[in-house]
Structures are given as structure tokens and as C-alpha cells.
Amino acid sequence: NAGVTQTPKFRVLKTGQSMTLLCAQDMNHEYMYWYRQDPGMGLRLIHYSVGEGTTAKGEVPDGYNVSRLKKQNFLLGLESAAPSQTSVYFCASSSRRQTGTGGSEQYFGPGTRLTVT
Amino acid sequence: GNSVTQMEGPVTLSEEAFLTINCTYTATGYPSLFWYVQYPGEGLQLLLKATKADDKGSNKGFEATYRKETTSFHLEKGSVQVSDSAVYFCALPINAGGTSYGKLTFGQGTILTVHP
């Protein structure tokens, strides 16, 4: 059981280049999320998905696009990378089934460290 | 929506010292509460959780009690080890019920460093 995996682990881009980060989960979770983590800023939600074929904006969606063509995969795209997008990106997933009085835990991938020069 | 305030630190302790990291929340109803830990170079992983008032979550020697009277979920450990050095995040659902779609709101994180 691999849980949540992310590829690549590291990437360096030049300003204006594009790339796609791949997230895969094998827990049959309905919900998936993309976060970025920056020093002193905690975790910020970029986009999320509540099911195959659906996506929604989070707290900081500008400059990013996402797709969820298959239930197990959630892709994050940067069409024209900017230095402000230098960050560590985490994918997470959770089950629609509620835990106790409300709220299921999220399961995180190991992260992708992206540098834009 | 719900919100969480977490002691930011950083916290530096000697091995075998007692640890407390404060977390208070504002929420509608009584949501589940979570503590996550992030070891250097890794993703977040669930450390413990509590699903109702007065519940005590525990794992790896860490404990946290769901206190509805004080709206708190403080993390404690009686004797920390060097291997506990990590960033700790308190979290809860962003709002009540099914409209949260599993989204969580996280504290800013507390960096813990334990010296031998």
C-alpha cells in the first residue's frame, strides 16, 4: 500500500517554463488536494477535487491549473512558472466518510520541491 | 468557518524534557481535531486525533485532550527525544458538515528542536 505518491521529488525550472506535478493515491479516496508550503506561511490550499472530473479553487489558485481525469490521480500544472512559485508542493487525499462528529484526516504525499529561477 | 491558533515557537528542549504545544480553536459544533507532524524533508503525517469532546488522542508517547470548555487541544509529551525534532501542526475541518469536502484548516506550525 503506497498511500499518496508524488512525482517528481525535485525540479528546477526557468521563468516561463511549464511543468506538471503528478499525484497518485491508492486508497480509493474521493477527495484530493494540492497545497504549497512556504517558510512562515504554513500550508496554503491551491486547488482541490471532490471527485473524478471535478476541481475547485482553493486559497491561492492563481498561476496553477489542475485536472482529475481519473479518481486516483490529481495533476497540478504550472503554465508559465514564476519565481514566486518556488515552494514545496504537497498533495493530499481524504475519504468522504466522516470520522466521528465530523472531519476525516488527510493523507499526504512526500512533497515536490520546486525552484523557479 | 472554523479557525485554529497555534503556539508558533520555535521550541528548543533538551532530551527528556516535558513538551507542551498550545492549540486553541474556534468552531461550529464539535469537529474532529488533529495533530500532524512533519519530519525534515517529508510530508505531513497524522500524529493523533480526537473525534469528540473529552477524548484523548495518543500516539508515540504524545497526547492531546479535546477540551470543549477551553476550546483547546494542546499537545503534550512527558519526555521528548532527539527523534521528535520536527514541525507540529494542529488542524480541524474548515467548517461543519459535508460542505467542508474534507478540507482542513491548519495552524502555522511549531518547530520543535530537541538537543541531546
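Whatever comes next refers back to the structure up there.
All of the points below concern the structure found in this document. (Residues numbered from 1 in each chain as written. Chains lettered and ligands numbered in written order. Predicted model: local features only at pLDDT ≥ 70, side-chain atom pairs only at ≥ 80, totals over all residues. Heavy atoms only, no water.)

**Comments concerning the nonpolar core**
Proteins that are soluble and globular tend to have nonpolar side chains buried together.
Item 1. Formed by 26 residues in total, the largest nonpolar core has its most connected members in B:Leu19, B:Trp35, B:Leu47, B:Leu48, B:Phe73, B:Leu75 and B:Tyr88.
Item 2. When residues of this core are traced back to their parent elements, those giving at least two are strand E2 (11-14), strand E3 (19-21), strand E4 (23-26), strand E5 (33-38), strand E6 (44-50), strand E8 (62-65), strand E10 (86-93) and strand E12 (110-115) of chain B.
Item 3. If you look at the next biggest cluster of nonpolar residues, it comprises 19 residues, including A:Tyr64, A:Val66, A:Leu76 and A:Leu78. (Core = buried A, V, L, I, M, F, W, Y, C linked by side-chain atoms within 4.5 Å. Buried < 20%, exposed > 50% of the residue type's maximum accessible area, 1.4 Å probe, protein only. Helix = DSSP H or I, 4+ residues; strand = E, 2+ residues; numbered from the N terminus.)

**A look at the environment of A:Met19**
All names here are of chain A.
Item 1. Within the secondary structure, Met19 sits in strand E3 (residues 19-25).
Item 2. Counting along the chain gives 65 residues from Met19 to Ser84, while the straight-line C-alpha distance between them is 15 Å.
Item 3. Look past the residues within four positions of Met19 in its chain and what remains in contact with it is Pro8, Arg11, Leu13, Leu76, Gly77, Leu78 and Leu114. (Contact = heavy atoms within 4.5 Å.)

**What to know about unusual backbone geometry**
Item 1. Following A:Thr7, the chain continues to A:Pro8 via a peptide bond in cis, the omega torsion being -5 degrees.
Item 2. Non-glycine residue B:Lys60 carries a positive phi angle of around 55 degrees.
Item 3. When you line up the elements, B:Lys60 lands in the loop between strand E7 (56-59) and E8.
Item 4. At B:Thr71, a residue that is not glycine, the phi angle is positive and equals roughly 40 degrees.
Item 5. Within the secondary structure, B:Thr71 sits in the loop between E8 and strand E9 (75-77).
Item 6. Assessed through its relative accessible area of 30%, B:Thr71 is described here as partly exposed.

**Thoughts on the pattern of salt bridges**
Item 1. The tally for this structure, following the rule as stated, stands at 6 salt bridges over all chains.
Item 2. A salt bridge links A:Asp38 to A:Arg44; its shortest N-O distance comes to 2.8 Å. Summarising the burial analysis for this pair, A:Asp38 and A:Arg44 share the class buried.
Item 3. Ionic pairing is found between A:Glu105 and B:Lys49, a salt bridge with its closest N-O pair at 3.1 Å. Of this pair, A:Glu105 sits in the loop between strand E9 (87-94) and strand E10 (107-108) while B:Lys49 sits in strand E6, each in a different chain.
Item 4. Exposure remark for B:Lys49: the relative accessible area of 31% places this residue in the partly exposed category.
Item 5. What emerges from the salt-bridge pattern is a single network uniting A:Arg36, A:Asp38 and A:Arg44. (Salt bridge = Lys/Arg side-chain N within 4 Å of Asp/Glu carboxyl O.)

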